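Geometric and topological summary
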Amino acid sequence: MLSKTVSLGINGIDAHIVEVEVDSIRGLPGFTIVGLPDSSVKEAKDRIRSAIENCGFSFPPKNYVVNLAPAEFKKQGSNFDLPIAIAILQHSGQIDVNIELFPMVGELSLDGSLRAVQSTISMTLTLYKRKFKRFIVPYSNRYEATAINNIRVFPARSLYEVISILEGDIEPFTETKESTNTEYSIDFASISGQEGVKRAAEVATAGFHNFLMYGPPGSGKSMIAKAIQGILPRLTKEQSIETTIIHSNAGILPLNNGLISSPPFRSPHHTSSHISIVGGGRIASPGEISLSHNGILFLDELTEFQGFLLQTMRQPLEDGIITISRAAGTSVYPARFMLIGACNPCRCGYLFDKEIECTCSNALIRSYYGKISGPLIDRIDIEHYVPRIAYEKLTHSLVSEKSEDIRSRIERCRAIQHDRFKELPYSFNGQMSSDDIRKFCMLTADDEQFLIKSSQKLRLSARSYFRILKIARTVADLDETEKINKSHLLEALSYKNLPRNYELYFS
Ligand SMILES: [Zn+2]
């Protein structure tokens with residue numbers, strides 16, 4: 001008799017229903033898995049046999065064939081251990097329950113206990129869409145599974161418990177859990193004397209504008225980037241689900257955790273591999289640019305990253321997705337992040353410094369500037385020089401605004417944007433297309449003339465002209481005013497000063 005269970009497999013970031021069929025055919029005792037399993041699935045055999053025997057059942061010596069359908073996508077990982085074991089127990093007449101109504105996943109230990117698997121949240125979402133009502137998951141994955149409502153979740157610690165669930169002896173688990181990171185290491189109030197940069201960071205964060213800080217070593221660029229975590233508003237439910245799906249897919253969601261509700265902050269080192277940043281690999285996994293989806297990707301020492309890698313980031317910065325091609329097929333991962341870059345202005349770091357003299361040659365500065373302005377500058381909205389702060393100023397007890405207060409201003413500003421773009425596929429000023437910029441950033445005839453003249457004076461490109469309008473829109477939204485005025489434009493213009501600073505130096 002053929003035994004059938006329902007399980008789920010992961011292809012890229014999506015979960016697909018997989019039917020697990022077990023039958024035995026004539027021949028010497030054996031165990032064959034078909035339906036495009038990779039080596040990690042094939043290893044299931046020995047775990048399943050041990051687990052069944054260690055739970056007090058027997059593993060009759062037959063020639064088993066396990067079919068994972070449909071065969072069109074590659075089955076990876078250990079998710080199928082549990083459904084295969086249950087189907088074998090039913091096939092051999094050791095349990096007598098309906099196993100087709102209970103989709104299940106789980107890796108078996110040799111002693112029959114259940115280990116966590118990746119992407120439980122994507123699986124729950126797929127089951128919900130396919131109108132399944134129940135789901136058996138490893139105990140450590142229970143909060144991930146309850147993050148999607150309307151599915152009855154049955155967590156199990158062992159093969160034995162799964163059988164009790166199938167026999168109807170256990171109630172579904174209904175608790176939910178969100179993980180919020182509310183402990184930020186650095187508060188904006190503790191950063192003295194960088195009011196200009198802090199304001200630029202606030203504008204960037206409010207409108208989801210990419211942001212570059214350049215300045216000498218020790219000026220606190222990384223500290224400011226880290227402090228930005230504390231002014232980011234919490235994720236919406238939809239964003240939380242998206243972010244949790246990606247982190248679970250990458251296998252970095254901590255066990256016994258539910259939805260991630262704080263925006264991610266990722267800061268890969270410039271020596272990180274291409275795959276770890278972009279994603280991919282033999283078993284495809286999202287990279288840092290996807291892990292920072294709905295949050296921040298911070299590239300410290302931006303000029304040290306390989307040009308090729310930065311080039312690859314242009315697609316996600318434009319479209320919010322990354323397409324990864326592998327031998328097994330193409331995967332698309334979400335990657336809509338706010339980019340924060342930090343770098344020195346030149347090799348020695350002291351170009352533009354008021355006290356320490358730059359020791360770089362003109363040629364060196366030119367080539368360094370090429371690295372900064374090269375692959376990504378046209379994707380960056382706000383550039384800000386970060387000066388070194390004199391010691392006296394650092395210890396000065398000037399009262400700075402707390403992150404909490406800045407965050408509530410940003411929340412109001414984002415609510416305005418949310419309302420403005422509710423009919424559109426995006427939510428932030430930083431993501432406006434040129435057509436939408438024309439529509440949402442109307443200027444008076446006077447102000448328009450002023451901006452055209454200023455842009456000519458600063459030798460800004462047409463692209464930069466639109467960027468300034470976007471930033472001015474955010475500045476006006478922070479002001480909670482509908483009309484963009486000259487002071488908003490002036491502030492926005494001050495954030496596009498990088499090329500001009502270098503030009504002034506070279507002239
Ligand atoms: Zn220098």
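Residues numbered from 1 in each chain as written. Predicted model: local features only at pLDDT ≥ 70, side-chain atom pairs only at ≥ 80, totals over all residues. Heavy atoms only, no water.

Regarding its fold elements, the chain presents 21 helices and 19 strands. Each principal axis of the C-alpha atoms in the chain carries an extent, and together these give about 85 × 45 × 45 Å. Within the span of the chain, comprising 507 residues, buried residues form 54% of the whole. Across the chain, the fraction of contacts at a sequence separation of at least 24, relative to all contacts at a separation of at least 6, is 73%. Taken as a whole, the chain presents about 22800 Å² of accessible surface, with 49% of it coming from carbon and sulfur. Taking the 57 positively charged and 57 negatively charged side chains of the chain as two groups, their mean positions are separated by 4 Å. (Helix = DSSP H or I, 4+ residues; strand = E, 2+ residues; numbered from the N terminus. Buried < 20%, exposed > 50% of the residue type's maximum accessible area, 1.4 Å probe, protein only. Contact = heavy atoms within 4.5 Å. Areas by Shrake-Rupley, 256 points an atom, 1.4 Å probe, with all protein chains shown as cover. Lys, Arg positive; Asp, Glu negative; His and termini not counted. Charge placed at Lys NZ, Arg CZ, Asp CG, Glu CD.)

In this structure, Phe211 and Ile340 are the most contacted members of the largest nonpolar core, which totals 52 residues. Leave out the neighbours within four places in its chain, and Ile340 touches Phe211, Met213, Ala225, Ile228, Ile296, Leu297, Phe298 and Leu299. Core analysis: the next-biggest nonpolar cluster, separate from the first, contains 45 residues, Tyr214, Ile245, Cys360 and Tyr385 among them. (Core = buried A, V, L, I, M, F, W, Y, C linked by side-chain atoms within 4.5 Å.)

Taken in spatial order, the five strands make up an open sheet running 12-15-18-10-19, and their pairing is parallel. Each having just a single partner strand, strand 12 (265–266) and strand 19 (382–385) make up the two edges of the open sheet. Bridge count between strand 10 (residues 211–214) and strand 19: four bridges; the pairing is parallel. Looking across to strand 19, one finds that Phe211 is bridged to Ile382. (Pairing = 2+ DSSP bridges.)

In terms of domain boundaries, the chain breaks down into domain 1 (3–166) and domain 2 (188–422). Opposite the 20 residues of domain 1 that make contact, domain 2 presents 21 residues. Roughly 1600 Å² is buried in total at the junction of domain 1 and domain 2, and carbon and sulfur atoms are behind 58% of that figure. Linking domain 1 to domain 2 there are zero salt bridges. Taken together, domain 1 and domain 2 are joined by seven residue pairs in polar contact (both at pLDDT 80 or more). Among the secondary structure elements, those contributing two or more residues to the side of domain 1 that touches domain 2 are helix 4 (120–129) and helix 5 (142–146). For the side of domain 1 that touches domain 2, the element with the highest residue contribution is helix 4, accounting for four residues. Residue composition of the side of domain 1 that touches domain 2, grouped by class: nine nonpolar, eight polar and three charged. (Domains from an automatic or database assignment. Buried area = accessible area lost by both parts, 1.4 Å probe. Salt bridge = Lys/Arg side-chain N within 4 Å of Asp/Glu carboxyl O. Polar contact = N/O pair within 3.5 Å; in protein donor to acceptor, adjacent residues only side chain to side chain. Nonpolar A, V, L, I, M, F, W, Y, C, P; charged D, E, K, R; others polar.)

Bringing helix 4 into the picture now. Among the ten residues that make up helix 4, seven are buried, leaving the element largely enclosed by the rest of the structure. Of all the positions in helix 4, only Thr120, Ile121, Ser122, Met123, Thr124, Thr126 and Leu127 are classed as buried. In the segment just after helix 4, Lys131 is the residue with positive phi, at about 65°.

So, about the packing of aromatic side chains. Across all of its chains, the model carries 18 aromatic pairs by this definition. With a centroid separation of 6.1 Å and 50° between ring planes, the pair formed by Phe31 and Tyr64 is classed as tilted. One end of the pair, Phe31, is in strand 3 (residues 30–34); the other, Tyr64, is in strand 4 (residues 63–69), and 33 residues separate them in sequence. A ring pair is formed by Phe352 and Tyr385, whose centres lie 5.9 Å apart and whose planes are at 90°; its orientation type is edge-to-face. A residue pair is termed long-range when its members are at least 10 positions apart, and Phe352 in the loop between strand 18 (338–343) and helix 14 (362–373) and Tyr385 in strand 19 qualify at 33 residues. (Phe/Tyr/Trp six-rings, centres within 6.5 Å; stacked < 30°, edge-to-face > 60°.)

Note on the zinc ion: its protein donors are Cys346 (SG), Cys348 (SG), Cys358 (SG) and Cys360 (SG). The metal-donor distances range over 2.2 to 2.4 Å. For the zinc ion, the four donor atoms in the first shell make angles of 107 to 112° at the metal, so the coordination geometry reads as tetrahedral. Taken in chain order, the donor set of the zinc ion reads C-x1-C-x9-C-x1-C. Comparing Cys358 with Cys360, the two get one shared label, buried. (Donors = N, O, S within 2.8 Å, 3.2 Å for Na, K, Ca; no water. Tetrahedral: all angles 85-135°; square planar, octahedral: opposite > 155°, others 65-115°.)

What follows is about the sheet that holds strand 4. The strand order across the open sheet built from four strands is 1-2-4-3, with neighbouring strands paired in mixed fashion. The open sheet terminates on both sides in strands that have one partner only, identified here as strand 1 (3–11) and strand 3. Ignoring strand direction, the axes of neighbouring strands in this sheet form an average angle of 25°. In this sheet, strand 4 lies alongside strand 3 in parallel orientation, the contact comprising five bridges. The residue of strand 4 that forms the bridge with Gly30 is Asn63. (Axes fitted to C-alpha atoms, helices over the stretch in contact; angles between N-to-C directions.)

Here we take up the pairing of strand 18. The element strand 18 is extensively covered by neighbouring structure, given that six of its six residues are classed as buried. One ladder, built from four bridges, connects strand 10 with strand 18; its direction is parallel. Its bridge partner being in strand 18, Tyr214 is matched across the sheet by Cys343. With five bridges connecting them, strand 15 (residues 296–300) and strand 18 associate as parallel partners.

Further remarks concern the packing of helix 7 (residues 195–207) against helix 16 (residues 403–420). Interhelical geometry of helix 7 versus helix 16 gives an angle of 35° and a closest axis separation of 9 Å. Seen along the crossing, helix 7 lies across helix 16 with a hand that is right-handed. Contacts from Glu202, Thr205, Ala206 and Gly207 of helix 7 reach helix 16 at Ile406, Arg409, Ile410, Cys413, Arg414 and Gln417. Partitioned by chemical class, the residues of the contact of helix 7 with helix 16 number four nonpolar, three polar and three charged. (Left-handed = near helix turned anticlockwise from the far one by under 90°.)

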